[in-house]
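# Structural characterization, general
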Amino acid sequence: MSMVLALTVCGIVVALVVVGLFVFGLRRRLIQRSGGTFDCSLRWDAPEAAGDSGGKGWAYGVARYNGDRVEWFRVFSYALRPRRVLERSAIEVAGRRVPEGEEELALLSDAVILACLHRGTRLELAMSEDALTGFLAWLEAAPPGQRVNVA
């Protein structure tokens with residue numbers, strides 16, 4: 001009897017894992033459905049100096065362009081709403097750099113880090129060189145009358 005119970009519990013656990021993975025995949029598809037998405041790690045409230053945190057604070061995610069905003073979603077989440085929303089007119093680019101030290105382990109291998117200010121909050125975005133080119137072009141393509149600060 002205990003063998004049947006153990007097999008039933010194992011079956012339920014496996015089924016839950018499969019359903020969880022399916023929901024992750026479905027969520028990512030829903031986020032990417034409207035297009036304009038790119039892989040992007042985010043560090044909110046980033047330290048002033050590059051190597052201060054030793055690679056801590058980075059969260060892997062997907063960013064999506066939505067009009068004059070970039071919506072950022074955590075990859076490992078079931079939420080359908082973005083975790084952060086960055087408005088184009090409020091983004092100030094402070095500089096770019098390559099990952100240093102432990103950051104190289106925390107980020108994708110081809111990542112470039114863009115240091116920004118958004119409404120007084122210091123943040124860093126890590127993305128591929130191609131995604132960075134697109135992001136900077138999007139920032140500079142602000143409608144007339146909007147001031148965008150790109151370093």
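Residues numbered from 1 in each chain as written. Predicted model: local features only at pLDDT ≥ 70, side-chain atom pairs only at ≥ 80, totals over all residues. Heavy atoms only, no water.

- Going by the annotation in an unreviewed UniProt entry, the name recorded for the protein is Secreted/membrane protein, with Streptomyces griseoflavus Tu4000 given as the source organism.

### Some remarks on the sheet that holds strand β1 (residues 37-39)
- Strand order in the open sheet formed by four strands is β1-β3-β4-β5, with antiparallel pairing between adjacent strands. Edge strands, defined here as strands with exactly one partner in the open sheet, are β1 and β5 (84-87). Within this sheet the neighbouring strands show an average axis-to-axis angle of 25 degrees, counted without direction.
- Packed onto the sheet, helix α3 (residues 129-140) meets β1, β3 (61-66), β4 (69-74) and β5 and runs at close to 30 degrees relative to β3. (Pairing = 2+ DSSP bridges. Helix = DSSP H or I, 4+ residues; strand = E, 2+ residues; numbered from the N terminus. Axes fitted to C-alpha atoms, helices over the stretch in contact; angles between N-to-C directions. Contact = heavy atoms within 4.5 Å.)

### What to know about the sheet that holds strand β2 (residues 41-44)
- The antiparallel open sheet is built from four strands, whose spatial order is β2-β8-β7-β6. Among the strands making up the open sheet, the edge pair consists of β2 and β6 (91-97). On average, each strand axis in the sheet is tilted by 25 degrees relative to the strand beside it, whichever way the strands run.
- Alignment of β2 against strand β8 (residues 121-127), held across four bridges, turns out to be antiparallel. Bridge pairing in β8 places L42 opposite L125.
- Sheet strands in contact with α3 are β6, β7 (112-118) and β8, and its direction is about 150 degrees off that of β6.

### Description of the nonpolar core
- Ranked by size, the top nonpolar core spans 22 residues in total, and within it L125, M127 and F135 carry the most contacts.
- Those elements that place two or more of their residues in this core are β4, β6, β7, β8 and α3.
- In terms of residues, this core owes the most to one element, α3, which gives six residues.
- In this view, L125 contacts C40, S41, L42, W58, L86, V112, I113, L114, C116 and F135; residues no more than four positions away in its chain are not counted.
- Counting five residues, the second largest nonpolar core, distinct from the first, contains W58, A111, I113 and A126. (Core = buried A, V, L, I, M, F, W, Y, C linked by side-chain atoms within 4.5 Å. Buried < 20%, exposed > 50% of the residue type's maximum accessible area, 1.4 Å probe, protein only.)

### A short note on the packing of aromatic side chains
- Across all of its chains, the model carries four aromatic pairs by this definition.
- Taken together, F38, Y65, F135 and W138 form an aromatic cluster joined through their ring pairs.
- Geometry around W44 places R84 over its ring, the cationic atom sitting 4.0 Å from the centre. (Phe/Tyr/Trp six-rings, centres within 6.5 Å; stacked < 30°, edge-to-face > 60°. Lys NZ or Arg CZ within 6 Å of the ring centre and 35° of its normal.)

### So, the side chain of E124
- Structurally, the position occupied by E124 is in strand β8.
- One polar contact links E124 to R43, side chain to side chain, over a distance of 2.6 Å.
- Of note is the side chain of E124, whose polar atom sits 3.1 Å from the side chain of R97.
- Dropping the residues within four chain positions of it, E124 is found in contact with S41, L42, R43, A46, W58, R97, E103, I113, L114 and A115. (Polar contact = N/O pair within 3.5 Å; in protein donor to acceptor, adjacent residues only side chain to side chain.)

### Re unusual backbone geometry
- With phi around 55 degrees, D45 is a residue other than glycine that occupies positive phi space.
- The residue D45 is located in the loop between β2 and β3 in this model.
- For D45, a relative accessible area of 56% translates into the label exposed.
- Positive phi outside glycine occurs at R119, with the angle close to 50 degrees.
- Position of R119 among the secondary structure elements: in the loop between β7 and β8.

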